[in-house]
Amino acid sequence: MAAATPLQISPFSFPPKPNTTSPLSLLPQCTSLRELKQIQAFTIKTHLQNDITVLTKLISFCTLNPNATSMDHAHHLFDQIPQPDIVVFNSMARGYARSDSPLRAIVLFSDILCSGLIPDDYTFPSLLKACASSKALQEGKQLHCLAIKLGLNHNIYVCPTLINMYTEFNDVNAARRVFDKIVEPCVVCYNAIITGYARSSRPNEALSLFRELQASNLKPTDVTLLSVLSSCALLGALDLGRWIHEYVKKHGFDKYVKVNTALIDMYAKCGSLDDAVSVFENMSVRDTQAWSAMIMAYATHGNGSKAISLFEEMKRARVQPDEISFLGLLHACSHTGLVGEGCGYFYSMSDKYGIVPGIKHYGCMVDLLSRAGRLDEAYKFIDVLPIKPTPILWRTLLSACSSHGNVELAKRVIGRIFELDDSHGGDYVILSNLCARAGRWEDVNYLRKLMKDKGVVKVPGCSSVEVNNVVHEFFSGEGVQSVSTDLHRALDRLVKELKLVGYVPDTSLVCHADMEDQDKEITLRYHSEKLAIAFGLLNSPPGTTIRVVKNLRVCRDCHSAAKLISLIFDRQIILRDVQRFHHFKDGKCSCGDYW
């Protein structure tokens, strides 16, 4: 028998290894749901389709950037798990909370509760966010109760989302009660409540909490500063805003584009356009929001040509404009009477850039046409809108009817307003005053009786002025029937000086048939704008700019007085009303009396 030939194996030749690649190792390279399904097919081929770890990873991928299709697939995978744990449910809740159907997170939560699964501290943040997104307040309160029952209401992850949820429902007082029960609030909790106050237009409380945060050992973040700067803007507190700007630079927060954009917005709303321009020009990186903020700043300060010029520069820089960019352009055109240009920009939004106009853009168009006296055209524009008009659109036209003395159209417009909201005192007052100036006292009496019957009250004029880092507020009428003070006596002397250079009180603005002209003059004298300006003159050095913020539109008489005050006292007065800025200098206003 012949000897067997020994098997010769090369040292570099081995039998092939079986394929042991894990399907999960492919997930980091996965970029779409289609690719995920290929990986899922691989798990089926390798008999891992029922592995809880694999299913959890697949579900987590679907919920990273959730949309309707990916969340449906995630739910399909979730249903394949006989006994899902809280970790995989948390992934599902997080996905639904950030999707277009957040309420499904609550429905799914009800199902898993029935199965005996206990939520943990990672469960509540997503569920509370889902309640806020879907306006499900009652479900949110029930979750709050459950968190208390489970002892999680003071948890570092749960508290901030509870605060955020209540502020989303405009219940900042409930949010504050949650915050006040935290023994040692973290900076995230501070950010949540400060942001809630800022968004609820309660800037004083926001700034008070910021000071409390600074007094603790916690360090503010960029999120803190965004809300603090927003609060400064709401108050018109320029000195405080400048201090915050120094804080931003000192602690390196100026590296954030969003913080710089908030600085631009703050300076613009506090009346310092030069500071806003300086921040913008010193930015190394400018995104769409930064460009838009600067365009809006130029527009609200009445510098329409620069707003339009900056928009053209933005296009040359190949930065895509957004809805805020066009809002600024339309404001610019409205405040400077550029009707043709404004219409062109409005229609280019959708035709050229694919941006669907919102209610604010429609409002700007109504304002643009109304200011130019094209009242019937503005009425038709509102009447044929593709969306339901809001009372604000009609109020813009009502105000223009008053400016142009069109009583009949104003009566038609207020009828449209009352169909939507008859509780706003300003609507009655505008039409009543318009009818009074036209001598239609029967209409005046009817409107005043209607106001009384409905319990509608007029919002009082309120103006604030910042002196030595303190914001002082004044209300129209203060001093009419009160004991004379230094401020009132100073205002009385000021009016006498104004009369020497040609000031004549416009008593036609006080529409009371039984009131003598002298009494009407006194009523005008103690308007909140004049009180704030007089206080600024008394309490600031000569040559200092006086910055006033008013909650309503500046009245015609105060506008005339402010021009003369700027001339007599060689002061620049910057007055921000509900619509725009007025820069008074050397007896002139930046609006060119087109307002």
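As annotated in an unreviewed UniProt entry, the chain is DYW domain-containing protein from Fagus sylvatica.

> Provide a residue-level description of the sheet that holds strand β6 (residues 588-589), including the pertinent values.
Across the sheet, 6 strands lie side by side as β2-β1-β3-β4-β5-β6; this open sheet has mixed pairing. Unpaired on one side and paired on the other, β2 (470-475) and β6 mark the two borders of the sheet. Of the strand pairs in this sheet, strand β3 (residues 546-550) and strand β4 (residues 573-576) are connected by 4 bridges, and their pairing is parallel. By the bridge assignment, R547 is partnered in β4 with I574.

> Tell me about the nonpolar core, residues and numbers included.
Core analysis: the biggest nonpolar cluster contains 156 residues, and F89, I193, M294, L397 and V413 have the highest contact counts within it. Per-element accounting of this core gives the leading share, 9 residues, to helix α16 (residues 288-300). Ignoring anything within four residues of it in the chain, the contact list for F89 reads F78, A105, L108, F109, I112, T123 and L127. L531, C555, A561 and A562 belong to the second-largest nonpolar core, a separate cluster that totals 30 residues.

> Could you give an account of the side chain of S126, naming the residues involved and the relevant values?
Within the element layout of this structure, S126 appears in helix α6 (residues 123-133). Judged by its relative accessible area of 9%, S126 falls in the buried class. The residues contacting S126, other than those within four sequence positions of it, are A93, R94 and A97.

> An account of the confidence of the model for the chain is requested, with residue identities and associated values reported.
With 95% of its residues at a pLDDT of at least 70, the chain reaches an overall mean of 91. Per-residue pLDDT stays below 50 along residues 1-19; that stretch engages in 0 contacts with residues further than four places along the chain or on separate chains.

> Pulling in residues and values, what's your account of α16?
The terminal C-alpha atoms of α16, which comprises 13 residues, lie 18 Å apart, in line with the 18 Å expected from a rise of 1.5 Å per residue. In terms of residue burial, α16 counts as a mostly covered element, since 12 of its 13 residues are buried. Those residues of α16 that fall on the buried side of the exposure criterion are T288, A290, W291, S292, A293, M294, I295, M296, A297, Y298, A299 and T300. Against α14 (257-269), α15 (273-281), α17 (304-316), α18 (323-336) and β5 (581-585) lie the buried residues of α16. Once α16 finishes, G302 follows within two positions and takes phi at roughly 80°, a positive value.

> Can you break down the side chain of R576 residue by residue, with the values?
Secondary-structure assignment places R576 in strand β4. One buried charge, R576, has no salt-bridge partner; the nearest side chain with opposite charge is D577, at 7.7 Å. In terms of polar contacts, R576 uses its side chain to reach the backbone carbonyl oxygen of L234, at 3.4 Å. Of the polar contacts made by the side chain of R576, one reaches the backbone oxygen of K269; its length is 2.5 Å. Apart from residues no more than four positions distant in its own chain, R576 is found in contact with A233, L234, G236, K269, C270, V548, V549, K550 and F581.

> Run through unusual backbone geometry, naming residues and quoting values.
A positive phi angle, near 55°, is found at K135, a position not held by glycine. Summarising the element assignment, K135 is placed in the loop between α6 and α7 (137-149). K135 sits in the exposed class, given a relative accessible area of 55%. Although it is not a glycine, D586 sits at a positive phi angle of roughly 55°.

> Please provide a residue-by-residue account of the pattern of salt bridges, values included.
According to the stated counting rule, one finds 27 salt bridges in the structure shown. The partner of E312 in a salt bridge is K315, with the nearest N and O atoms 3.2 Å apart. Linking E312 with K315, this pair stays in helix α17, spanning 3 residues, or about one helical turn. Notably, a salt bridge pairs D367 with R371, separated by 2.8 Å at the nearest N-O pair. One end of the pair is D367 and the other is R371, both in helix α20 (residues 359-371) and 4 residues apart, which spans about a single turn. Exposure class is identical for D367 and R371. Each is buried. One salt-bridge network, held together by shared partners, links E408, K411, R440 and D443.

Parameters at a glance
- Residues numbered from 1 in each chain as written.
- Predicted model: local features only at pLDDT ≥ 70, side-chain atom pairs only at ≥ 80, totals over all residues.
- Heavy atoms only, no water.
- Pairing = 2+ DSSP bridges.
- Helix = DSSP H or I, 4+ residues; strand = E, 2+ residues; numbered from the N terminus.
- Core = buried A, V, L, I, M, F, W, Y, C linked by side-chain atoms within 4.5 Å.
- Buried < 20%, exposed > 50% of the residue type's maximum accessible area, 1.4 Å probe, protein only.
- Contact = heavy atoms within 4.5 Å.
- pLDDT = per-residue confidence, 0-100.
- Expected span 1.5 Å × (residues − 1).
- Lys, Arg positive; Asp, Glu negative; His and termini not counted.
- Salt bridge = Lys/Arg side-chain N within 4 Å of Asp/Glu carboxyl O.
- Polar contact = N/O pair within 3.5 Å; in protein donor to acceptor, adjacent residues only side chain to side chain.

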